[in-house]
Structure formats: structure tokens, C-alpha cells
Amino acid sequence: MPALDPKSLTVLVTGATSGFGEAIARRFVKEGAKVVATGRRGGRLQALKKELGARVHVLEFDVRDRKATEKALTTLPKEFAEIDVAVANAGLALGLEGAPKADVADWDDMIATNVNGLLYTVKAVLPGMIARDRGHVIALGSVASDFPYPGGNVYGATKAFVGQFALNLRADLLGSNVRVTTVEPGLAETEFSLVRFKGDAEKAAAPYKGIEPLNADDVAECVYWAATLPRRVNINRVQVMPVMQAFGPFAFRRT
Ligand code: NDP
Ligand code: 8X3
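Residues numbered from 1 in each chain as written. Chains lettered and ligands numbered in written order. Predicted model: local features only at pLDDT ≥ 70, side-chain atom pairs only at ≥ 80, totals over all residues. Heavy atoms only, no water.

## Things to note about the overall build of the protein
A count of helices and strands for the protein gives 8 helices and 7 strands. Whereas a compact globule of 255 residues would reach a radius of gyration of roughly 18 Å, the protein reaches 18 Å, a difference of no more than 12%. With the principal axes as the frame, the protein shows a C-alpha extent of 65 × 40 × 35 Å. Scored against the burial criterion, the 255 residues of the protein give a buried share of 49%. Long-range pairs, those at least 24 residues apart, make up 70% of the contacts in the protein between residues at least 6 apart in sequence. Total accessible area on the protein stands at roughly 13200 Å², and carbon and sulfur atoms take up 55% of it. (Helix = DSSP H or I, 4+ residues; strand = E, 2+ residues; numbered from the N terminus. Rg over C-alpha atoms; globule rule 2.2 N^0.38 Å. Buried < 20%, exposed > 50% of the residue type's maximum accessible area, 1.4 Å probe, protein only. Contact = heavy atoms within 4.5 Å. Areas by Shrake-Rupley, 256 points an atom, 1.4 Å probe, with all protein chains shown as cover.)

This is the structure we're talking about:
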């Protein structure tokens, strides 16, 4: 039995139409929490609601749109309005080209989603959390924030932003009982790669070839664990990788 009763929680999950977000939504509902599930694909949200029932409320909006994000989160029905845990999960990588060849439109989109989308989500839930003097912001970072790799340029930088913003937010919130955590997964099989390679299934499958990656439930478990620890405990960062992934040595150009 976790220290914090999940049945007492209302959990907001952005990007709940696939991957980690969907698994996180399912995990909390299974344990008796109420979940506000968001994303742009309304059909998937409706299917999730139909399957999981009255403990789920769905909101269709684009996290890149500040006004839409703010508005959606003010329209919550009373029984879902007091968000205890906000999982800022919506995010994406686009492309794996080195900086000279990368598409600036992809960079803009990653920054708009992973940076601005995170900020708009957090800003919308913070006032309520502070007023109630309880709450938990859980952001999805990535190992790409700590470990550079070729082609990770702006994606890794957006995730470094997520990690540092979360730490700074925690500094700002000292004195309140609002918690802040970043969960930073390594290679995990979701729709992430399909999105990164813009629907090219062959390219999308390549990173997982011969490897047992993390799955969405592994990451949902980390989020659920951090969220249900006693209220006195703040997990700052959780970094999690598949056993079949580790670090490379420095690279050198030798002449
Ligand atoms: P998926 O592609 O499976 O899921 C991404 C989710 O984000 C979808 O539900 C999508 O919903 C939502 N989303 C994307 N853009 C927007 C937007 N503009 N507005 C609203 N929702 C949006 O990928 P993952 O589950 O793997 O990724 C979830 C998070 O985890 C991301 O932040 C990603 O960077 C991070 N991550 C992923 C890793 C991996 O290897 N898979 C490893 C480390 C971190 P919709 O399209 O319906 O809007
Ligand atoms: C996703 C992990 O290694 O593809 O954040 O960047 S990686």
C-alpha cells in the first residue's frame, strides 16, 4: 500500500493519447485516481474515456497554444478541477540530422512543444496547487539532457531545459508543499520514434533492433512511485534506462 492514497488524487496527464502518457493515465485510473487526459487526437481521447469510464475526463488541446491550454484547464468540471498531480508529458523529437542539415521548422516545433508546452501547462496548474498548498508537478525529461549524441541537438537541449526548469521551480516553491520531479527515461518503445522519423516505420524500428527497450508501463511505474510517496518526500529526478543501454566513451577526430 503506497503512503499516499491514489484514490485521493486527481491527476492531469498531457499527451495521454499514446506512449507514456496513456500508460500513466491507465495506471492511475487502475489504482482509483481520477485522471484528466489530454492530447490533440480527440478520437483516441474519446476511446480512452469510453474504455476507462467516469474517472476519466478528456480535454483536446495543443500544448503549443498558450490560450488553448489555459482555457482548457479552466473548463474542468468541479470533480476534476483540483489537480493534485500534473504530469507534463506531451513532447516529441523531430528528425535526427546534425545541426547543419536539420530543419529549423523541426527545431521550432520541438521548442514550442517541449519547452513552451511544458511552461503553459505548469503555469496553468500552479495557482491552484499553491492555494491548496499541495500538489506535484512531474515533467518528462530524457537521458538526452545529460548525454549528448549526434543528431540530438535541439531535442536534447529542450530536455535539458525541462530538467533545469524543474529544479528552479522547486527552488521557487520552497515554503509550499508543492513537489516537483523530473522523470528522465532512456530508450523506450512508444510512438516516439515514428513521430521522430515522420511516419517512416523502417527508420522508426531501427533504434530498437536487437534491444529490449523500456516500455511505457516501466515509465508509468516511475511516475506512479514518485507521486504516491509520502507528502514529505520530494524525488528530484528519476533517470531510468533499459539494461541494454549504457554510455559511450568520448569521441575523437584523429588525424
Ligand atoms: P508518443 O509519441 O508515444 O506520445 C507523445 C504524446 O505527446 C502523445 O500523446 C501526443 O498526443 C502528445 N503530444 C505531442 N505533441 C503535442 C502537442 N503539441 N499538444 C498536445 N499533445 C501533444 O511518445 P512518448 O510517450 O515516448 O513521449 C512522451 C514524452 O516522453 C515526451 O516528452 C518525450 O520527449 C519523452 N521521452 C520519450 C522517450 C522515448 O524513448 N520514448 C525517452 C525519454 C523521454 P497527440 O499527438 O494526440 O497530441
Ligand atoms: C528519448 C531518448 O535517446 O532517443 O528522449 O533521445 S533518446
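## Regarding the site of ligand 1
Near ligand 1 you find 28 residues, and of these Thr-17, Arg-40, Asn-89, Tyr-155 and Thr-190 are the closest. A distance of 2.8 Å separates an oxygen atom of ligand 1 from a polar side-chain atom of Ser-18. In this structure, Lys-159 approaches ligand 1 through a side-chain N or O atom, which is 2.9 Å from an oxygen atom. Coverage of ligand 1 by the protein amounts to 96% of the 880 Å² it exposes when considered alone. Going through the elements one at a time, helix 1 (19-30), helix 5 (153-173) and helix 6 (192-196) are the ones with two or more residues in the shell around ligand 1. Partitioned by chemical class, the residues of the shell around ligand 1 number 10 nonpolar, 12 polar and 6 charged. (Near = heavy atom within 4 Å. Polar contact = N/O pair within 3.5 Å; in protein donor to acceptor, adjacent residues only side chain to side chain. Nonpolar A, V, L, I, M, F, W, Y, C, P; charged D, E, K, R; others polar.)

## A look at the site of ligand 2
The local shell around ligand 2 consists of Ser-142, Ala-144, Tyr-149, Tyr-155, Phe-192 and Arg-196. Residue Ser-142 places a side-chain N or O atom 2.5 Å away from an oxygen atom belonging to ligand 2. Contact with the protein chains hides 84% of the accessible area of ligand 2, taken as 240 Å² for the molecule alone. Among the residues making up the shell around ligand 2, the classes are represented as 4 nonpolar, 1 polar and 1 charged.

## What about the environment of Arg-64?
Mapped onto the elements of the fold, Arg-64 is located in the loop between strand 3 (56-60) and helix 3 (66-74). Since its relative accessible area comes to 33%, Arg-64 is described here as partly exposed. Sequence separation between Arg-64 and Leu-187 is 123 residues, and the spatial gap between their C-alpha atoms is 25 Å. For Arg-64, the residues in contact, after removing those within four places along its chain, are Arg-40, Asp-109, Ala-112, Thr-113 and Tyr-120. Here the side chain of Arg-64 touches Asp-109 through a polar contact of 2.7 Å, side chain to side chain.

## Overview of the layout of surface pockets
One simple way to see leftover space: roll a probe sized like a water molecule over the atoms. Approximately 160 Å³ is the volume found for the second largest pocket. Taken together, Arg-170, Leu-173, Leu-174, Gly-175, Ser-176, Asn-177, Val-178, Arg-179, Arg-231, Arg-232, Val-233 and Asn-234 form the lining of the second largest pocket. The residue makeup of the lining of the second largest pocket, split by class, is 4 nonpolar, 4 polar and 4 charged. (1 Å grid on protein atoms, 1.4 Å probe; cavity = no way out; pocket = protein on both sides within 12 Å on 5 of 7 lines; lining within 4 Å. Points joined across faces, edges and corners; volume = space filled by probe spheres on them.)

## Points about the side chain of Ser-193
Relative to the helices and strands, Ser-193 is located in helix 6. Within the local environment of Ser-193, its side chain forms a polar contact with the backbone oxygen of Ala-204, the two atoms lying 2.9 Å apart. Contacts of Ser-193, omitting those with residues within four sequence positions, involve Lys-203, Ala-204, Pro-207 and Tyr-208.

## Section: unusual backbone geometry
Phi angles above zero are rare outside glycine, and Asp-133 is one such case at about 55°. With respect to the element layout, Asp-133 can be found in the loop between helix 4 (104-132) and strand 5 (135-140). Assessed through its relative accessible area of 34%, Asp-133 is described here as partly exposed. With a phi close to 55°, Lys-198 is a non-glycine residue in the positive phi region. Tracing the backbone through its elements, the reader meets Lys-198 in the loop between helix 6 and helix 7 (201-205). Judged by relative accessible area, Lys-198 falls into the exposed class, the value being 52%.

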